[in-house]
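Structural features, examined
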Amino acid sequence: MQTFDLVVIGGGSAGLKAARTAARQGRRVALAEERELGGECFWAGCVPTKAMVRAAEVWHLVGRAHEFGIHTQVIKADFADAMRYKDGVVKTISGEGPEDAGLSKLGASYFPTRASFESAHEIRVGNEVIRTEKVLIATGTVPHIPDVPGLREAGFITNREAVHLTTLPKRLAVMGGGPIGLEFAQLFRRFGAEVTVLDHGERLLSKEDADISALATQFLREEGIVVHNGTRVTEVETLEDGTKRLRFNNETPPLDCDEILVATGRRAAITGMNLEAADIVHDARHIPVDPYLRTNQPHIFAAGDITGGYLFTHVASYEGGLAAHNLFSGTLIPFDHRVVPRCTYIDPEVASIGVTEATAKAQNLPYTVLKYSFADLDRAILYGDARGLVKILVDELNGRILGAHLIGPQASSVLAELAVAMRNHLPITAIAETMHAYPSFPEAVEAAALSARNFRGQVDGAMG
């Protein structure tokens, strides 16, 4: 029986980062992954979807070319060609590297198969059982499919199938008003589909600040996307011509469509892992961990989406590195929840970090709101898209940033400045007093920060 210091189950961002880190430290490492290495983000999430978003963005911009004094004849947007562009981008990013993502060069073993627990220290990989001192579970999540009568019979797609379509659905119903659903809703709409978003919550992007959510909804509706909030699908009927008819829990009329995209959340990818054999506490949504990423079994850790926390690739990678440290270190480091950027790649982009205003109120935090509209930003006006808002929550006691919420062109990049300030406990005046290039999008953050000069005395006293 082969023995290892660490067996990593799952080869996405968290699993690969942990396996590589531990192997570089001289540990005997094995990684098992039954699908492609790289994880959901690389093959069915971040990478392909952002290429699709970009293609749709270019087509949308072509339609506005006359606004910039450019008059040209464009025949059509070919969805199949756009998807071939997406395939090329994915291939370019993946490169021509080895199938094991370089694990063997680091001395790690790679098992391209499903892994399951035989006991707390024994893992079955295919027809073989291996023994290990430590285990990291990093299998991620899979789409959650709601139990709606007729849905499975009618057929549907999730993000996994959507990134492989070659034919544009004429009429698309999107179940879910979160980042995944909205990104697909907008890009399909821009290619010409009739799109309806069905969300059971009170507003789209419910985890975002209410002001940002309202603007995002407004901009999507202006592009012709129909949005129904407070609406839950109760039944799907398949008509004789193949049309899918959705019925709802409220006064919303039945909706006929050609395809249904389900984006109603995620659940833990634990099917077939036999977690019971290792007595690991879990539920359908996640495997609970402590601040150091330990499960209820002290030698078994979990990292990435499987923990049910922040479902972002950058967080998974961070947790993979953190887990690799904590698995073998006598000095444990806790996960830092304070500074986690999150972005939704609709157009204009949504980006945020820290607490929302609703959270600040609920926690009775003393805060002041600083705002600046992209309508007043010279770079946005020059760019031809002055839609957007910067909203920053500042601690009234010391001037430090509690949270920042943006919607606007390149918001995902502009957010970085705020993340650095928060990570290093800098007061908002540090941004206000920093020279920013003109004209640039980060000036929107500077402009919001400039209104916080009244914190100067408090901050000087706190920092002195």
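Look a little higher up for the structure.
Residues numbered from 1 in each chain as written. Predicted model: local features only at pLDDT ≥ 70, side-chain atom pairs only at ≥ 80, totals over all residues. Heavy atoms only, no water.

**Digging into the packing of helix α1 (residues 13-24) against helix α9 (residues 313-328)**
Put simply, the rule is: Orientation is described by lines fitted to C-alpha atoms, with helices fitted over the stretch in contact, and by angles between N-to-C directions that extend from 0 to 180 degrees. Numbered from the N terminus, helices here are DSSP runs of H or I no shorter than four residues, and strands are runs of E no shorter than two. The hand of a helix crossing depends on one turn: near helix anticlockwise from the far one by less than a right angle means left-handed, and clockwise means right-handed. In what follows, a contact means two residues having at least one pair of non-hydrogen atoms within 4.5 Å. Gly is placed with the polar residues, together with every amino acid not listed as nonpolar (Ala, Val, Leu, Ile, Met, Phe, Trp, Tyr, Cys and Pro) or charged (Asp, Glu, Lys and Arg).
Where α1 contacts α9, the axes come no closer than 7 Å and their chain directions differ by 35°. Handedness of the α1/α9 crossing: right-handed. The residues of α9 that touch α1, namely those facing S13, A14, K17, A18, T21 and A22, are T313, A316, S317, G320, G321, A324 and F328. Broken down by class, the residue content of the contact of α1 with α9 amounts to 6 nonpolar, 6 polar and 1 charged.

**Topic: the pattern of salt bridges**
Defined as follows: For this document, the term salt bridge refers to a Lys or Arg side-chain nitrogen within 4 Å of an Asp or Glu carboxyl oxygen. Three labels apply to residues, based on accessible area from a 1.4 Å probe with only protein chains included: buried if under 20% of the type maximum, exposed if over 50%, partly exposed otherwise in between.
With the rule as written, the count across this model stands at 27 salt bridges. Here D211 makes a salt bridge to K371, at a shortest N to O gap of 3.0 Å. Placement of the pair is D211 in helix α8 (residues 210-222) and K371 in strand β19 (residues 367-373), with a sequence separation of 160 residues. Overall, the relative accessible area of 46% leaves K371 in the partly exposed class. Where D347 meets R387, a salt bridge forms, and the shortest distance between an N and an O atom there is 3.8 Å. Of this pair, D347 sits in the loop between β17 (342-344) and β18 (349-354) while R387 sits in the loop between α11 (378-383) and β20 (389-395), and the two are 40 residues apart along the sequence. When its relative accessible area of 23% is taken as the criterion, R387 is described as partly exposed. Counted as one network, the salt bridges with shared partners bring together R190, E223, D347, D385 and R387.

**With respect to the nonpolar core**
Threshold: Buried residues of nine kinds, namely Ala, Val, Leu, Ile, Met, Phe, Trp, Tyr and Cys, make up a nonpolar core once their side-chain atoms join them within 4.5 Å.
By size, the foremost hydrophobic cluster in this structure holds 36 residues, and its most contacted members are F184, F188, V195 and V197. Elements with a contribution of two residues or more to this core: α3 (46-62), α4 (79-94), β8 (171-175), α7 (179-190), β9 (194-198) and α8. In terms of residue count, α7 provides more of this core than any other element does, 5 residues in total. Not counting residues up to four positions away in its chain, the partners in contact with F188 are F79, A162, L165, L168, P169, L172, A193 and V195. Of all hydrophobic cores here, the second largest spans 31 residues; its members include A380, L418, I428 and V445.

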